[in-house]
Amino acid sequence: PFDQPATYQISVQGRIDPAMSDLLGGMAISPATTEADHTVTTLYGELGDQAALAGVLNMLYELHLTVLSVKRLDS
């Protein structure tokens, strides 16, 4: 359902400072470096509904970050 909480994992190309968690729905932020020496940041956490997910994705867009994947982790 669109109006129910769900846990999401979002991967983006680039680095996000973990201090920006509040701007990104309170999601946990974990930057990592790949074998090709690129930085990929994973955001993980529960969002209240899909409107909250859209807010996080809009903020990533405003930060000029490329979204690599969005996964809903619970059914």
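### What to know about the overall build of the chain
Okay, so step 1: Along the chain, the regular secondary structure elements total 1 helix and 4 strands.
Okay, so step 2: Going residue by residue from the N terminus, the α and β elements of the chain occur as β-β-β-α-β.
Okay, so step 3: Expected size for 75 residues packed as a compact globule is a radius of gyration near 11 Å; at 12 Å, the chain falls within 12% of this value.
Okay, so step 4: Counting over 75 residues, the chain shows a buried share of 28%.
Okay, so step 5: Excluding contacts between residues fewer than 6 apart, the proportion of contacts in the chain whose partners are at least 24 apart in sequence is 67%.
Okay, so step 6: Summed over all atoms, the accessible surface of the chain reaches about 4700 Å², with 51% contributed by carbon and sulfur.

### Comments concerning the side chain of Thr7
Okay, so step 1: On the secondary structure map, Thr7 appears in strand 1 (residues 6–13).
Okay, so step 2: Contacts of Thr7, omitting those with residues within four sequence positions, involve Tyr44, Gly45, Glu46, Lys71, Arg72, Leu73 and Asp74.

### Here's the deal with the sheet that holds strand 3 (residues 39–47)
Okay, so step 1: Strands sit in the order 2-3-1-4 across an open sheet of 4 strands; the sheet is antiparallel. Across the chains shown, the open sheet's two edge strands, defined by having one partner strand only, are strand 2 (28–33) and strand 4 (66–72). Averaged over all adjacent pairs, the angle separating strand axes in this sheet is 20°, with direction ignored.
Okay, so step 2: The sheet contact formed by strand 1 and strand 4 spans 6 bridges and is antiparallel. For Gln13, the partnering residue across the bridge sits in strand 4 and is Thr66.

### Things to note about unusual backbone geometry
Okay, so step 1: Its identity is not glycine, yet Asp37 carries a phi of approximately 65°, on the positive side.
Okay, so step 2: One non-glycine residue, His64, lies in the positive phi region at around 60°.

### As for the environment of Leu23
Okay, so step 1: Along the chain, Leu23 falls in the loop between strand 1 and strand 2.
Okay, so step 2: Taking the relative accessible area as the measure of exposure, Leu23 reaches 51% and is therefore exposed.

### Let's talk about the nonpolar core
Okay, so step 1: Among the nonpolar cores identified, the biggest contains 14 residues, and Ile10, Ile16, Leu43, Val56 and Leu60 are the most heavily contacted of them.
Okay, so step 2: Looking at this core element by element, the count peaks at 4 residues for strand 1.

### Quick notes on helix 1 (residues 50–62)
Okay, so step 1: Its 13 residues give helix 1 an end-to-end C-alpha distance of 18 Å, which sits within 8% of 18 Å, the value for a rise of 1.5 Å per residue.
Okay, so step 2: Two to three positions downstream of the cap, the backbone nitrogen of Ala51 sits 3.1 Å from a side-chain oxygen, assigning the N-cap of helix 1 to Asp49.
Okay, so step 3: Of the residues one or two after helix 1, His64 is the one with positive phi, at around 60°.

Cut-offs applied
- Residues numbered from 1 in each chain as written.
- Predicted model: local features only at pLDDT ≥ 70, side-chain atom pairs only at ≥ 80, totals over all residues.
- Heavy atoms only, no water.
- Helix = DSSP H or I, 4+ residues; strand = E, 2+ residues; numbered from the N terminus.
- Rg over C-alpha atoms; globule rule 2.2 N^0.38 Å.
- Buried < 20%, exposed > 50% of the residue type's maximum accessible area, 1.4 Å probe, protein only.
- Contact = heavy atoms within 4.5 Å.
- Areas by Shrake-Rupley, 256 points an atom, 1.4 Å probe, with all protein chains shown as cover.
- Pairing = 2+ DSSP bridges.
- Axes fitted to C-alpha atoms, helices over the stretch in contact; angles between N-to-C directions.
- Core = buried A, V, L, I, M, F, W, Y, C linked by side-chain atoms within 4.5 Å.
- Expected span 1.5 Å × (residues − 1).
- Polar contact = N/O pair within 3.5 Å; in protein donor to acceptor, adjacent residues only side chain to side chain.

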